[in-house]
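Okay, here's what each chain looks like letter by letter:
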Amino acid sequence: MKYLTEFRDGEAAQRLALEIRRTVTRPWALMEVCGGQTHSIIRNGIDQLLPDEVELIHGPGCPVCVTPLELIDRALAIAARPEVIFCSFGDMLRVPGSDGDLYRVKSAGGDVRVVYSPLDALALARRHPEREVVFFGIGFETTAPANAMALHLARREGIRNFSMLASHVLVPPALEAILASPTCRVNGFLAAGHVCSVMGFWQYPPIAARGRVPIVITGFEPLDLLEGIRRAVRQLEAGEARVENAYERAVTFDGNRPAQALLDEVFAVADRAWRGIGVIPRSGWRIADAYRDLDAEVRFAVGDIRADEPAACRAGEVLQGTLKPYECGAFGAACTPRTPLGATMVSSEGACAAYYHAGRFARLERAPARAGAGAPGMVPNGAGAAVPA
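So, how was this worked out
Residues numbered from 1 in each chain as written. Predicted model: local features only at pLDDT ≥ 70, side-chain atom pairs only at ≥ 80, totals over all residues. Heavy atoms only, no water. Pairing = 2+ DSSP bridges. Helix = DSSP H or I, 4+ residues; strand = E, 2+ residues; numbered from the N terminus. Axes fitted to C-alpha atoms, helices over the stretch in contact; angles between N-to-C directions. Contact = heavy atoms within 4.5 Å. Core = buried A, V, L, I, M, F, W, Y, C linked by side-chain atoms within 4.5 Å. Buried < 20%, exposed > 50% of the residue type's maximum accessible area, 1.4 Å probe, protein only. Polar contact = N/O pair within 3.5 Å; in protein donor to acceptor, adjacent residues only side chain to side chain. Parallel < 35°, antiparallel > 145°, perpendicular 65-115°, else oblique. Left-handed = near helix turned anticlockwise from the far one by under 90°. Nonpolar A, V, L, I, M, F, W, Y, C, P; charged D, E, K, R; others polar.

1. Describing the sheet that holds strand E6 (residues 162–169)
In any sheet, the strands associate via hydrogen bonds between backbone groups, in a parallel or an antiparallel arrangement.
And then number 1: One open sheet holds the 6 strands; their spatial order is E4-E3-E5-E6-E11-E10, and the pairing between them is mixed. Where the open sheet ends on each side, the last strands, each with one partner, are strand E4 (111–114) and strand E10 (267–274). Taking each pair of neighbouring strands and ignoring which way they run, the sheet shows an average axis angle of 25 degrees.
And then number 2: One ladder, built from 7 bridges, connects strand E5 (residues 132–139) with E6; its direction is parallel. Residue pairing in the sheet places Val133 in a bridge with Phe162 of E6.
And then number 3: Set on the sheet, helix H7 (residues 118–127) makes contact with strand E3 (84–88), E4, E5 and E6; between it and E5 the angle comes to about 170 degrees.

2. A word on the nonpolar core
And then number 1: Counting residues in each nonpolar core, the largest one holds 58 residues, and the members touching the most others are Ile78, Phe86, Phe136, Phe189, Tyr204 and Ile215.
And then number 2: With 6 residues, the top contributor of residues to this core is helix H5 (residues 69–79).
And then number 3: Look past the residues within four positions of Ile215 in its chain and what remains in contact with it is Leu175, Phe189, Ala191, Tyr204, Ile207, Ala208, Arg242, Val243 and Glu244.
And then number 4: Membership of the second largest hydrophobic core comes to 37 residues, among which are Val24, Ile41, Val216 and Ala246.

3. Quick notes on the environment of Thr143
And then number 1: On the secondary structure map, Thr143 appears in the loop between E5 and helix H8 (144–157).
And then number 2: Sequence-wise, Thr143 and Arg155 are 12 residues apart; in three dimensions their C-alpha atoms are separated by 19 Å.
And then number 3: Beyond its immediate sequence surroundings of up to four residues, Thr143 is in contact with Ile138 and His168.
And then number 4: In this structure the side chain of Thr143 is engaged in a polar contact, spanning 3.1 Å, whose partner is the backbone oxygen of Ile138.

4. Comments concerning the side chain of Lys324
And then number 1: Mapped onto the fold, Lys324 is located in the loop between helix H15 (315–319) and helix H16 (351–357).
And then number 2: Owing to a relative accessible area of 14%, Lys324 belongs among the buried residues under this scheme.
And then number 3: Reaching out from Lys324, the side chain makes a polar contact with the side chain of Glu55 at a distance of 3.2 Å.

5. With respect to the packing of H7 against H8
And then number 1: Where H7 contacts H8, the two axes come as close as 8 Å, and the packing angle between them is 25 degrees. Compared by their axis directions, H7 and H8 come out roughly parallel. For the pair H7 and H8, the sense of crossing is right-handed. Here H7 contributes Pro118, Leu119, Leu122 and Arg126 to the contact with H8, which in turn contributes Ala146, Asn147, Ala150, Leu153, Ala154 and Glu157.
And then number 2: The class makeup of the residues in the contact of H7 with H8 is 7 nonpolar, 1 polar and 2 charged.

Right under this line is the structure:
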């Protein structure tokens, strides 16, 4: 498949890994920001290809994982109401709240439905004017434009039985918060290409300058990630701290300006609580006052619901990059995908889920780079290229 298999070539991956080995002279810690990147790294064994001097730290880039516990509890309260059709993406249904999850609400009779777009939820509201249809709108800047469009269309068409429980978070303030932490070990960032395809990367140069860290925008395939690592290591070895776009096939400096205009209309910047981390100032979007009547948190008066994180779950440390999943005592024992203590174990982008499904229950030794061999998570095909195993 064009633009996919080309970025999974095992021999090219080994060449990039060898170049990184030849370049690095001292230890560096790089944080990939996106949970999708984390899963690609673990699934393809990219971290095992790297020299010992290069450590990959998994950041708070999973939107499901950083959704605060109290918002999950608000969702459960709304979904349990008999007049509500509660719509969500599938990976939110297993995320534990204080007492159960959306699957439990569904099993108790709640009308909880998996949809593939907020526009699917809007279509349900059109078909069921007698019901209240609520969409659980979470995510980083990537998913926000579709959610904004759903609210925009609901307002334009006068669909009064549609509302949204929104929890959008923003990448740049999170990077600033990580760099400001006294426990920060991050020397450089691999920024999420899909976020930057919407927002551009005009916000990033001041962060790189203030934090004195390189920021390389990367994609999600093995060669994308290795090229991002190569560029970040090259900058660090040269004493540079600037923004590089290694995902030019999808990202421009300005981003998608029409999408940004819609976001400015529908949402307003606000302080946001991040699960396991705490409140980061101006790190999220809330539904703007002009659309307040479509805000499910207001419509169903659930804003006062508060919750405390379970003490046994160390997902906050995983999300901040100070703890690898296998270093948590509950990982793979009290906490599994069937009995999760936190969202990082059930989300499709959660670091704990990535390690669990890859069988990473302990630190693995790095694989020696050798010319002509595929990456640990890749196998050669008949043409001498490589595809994931």
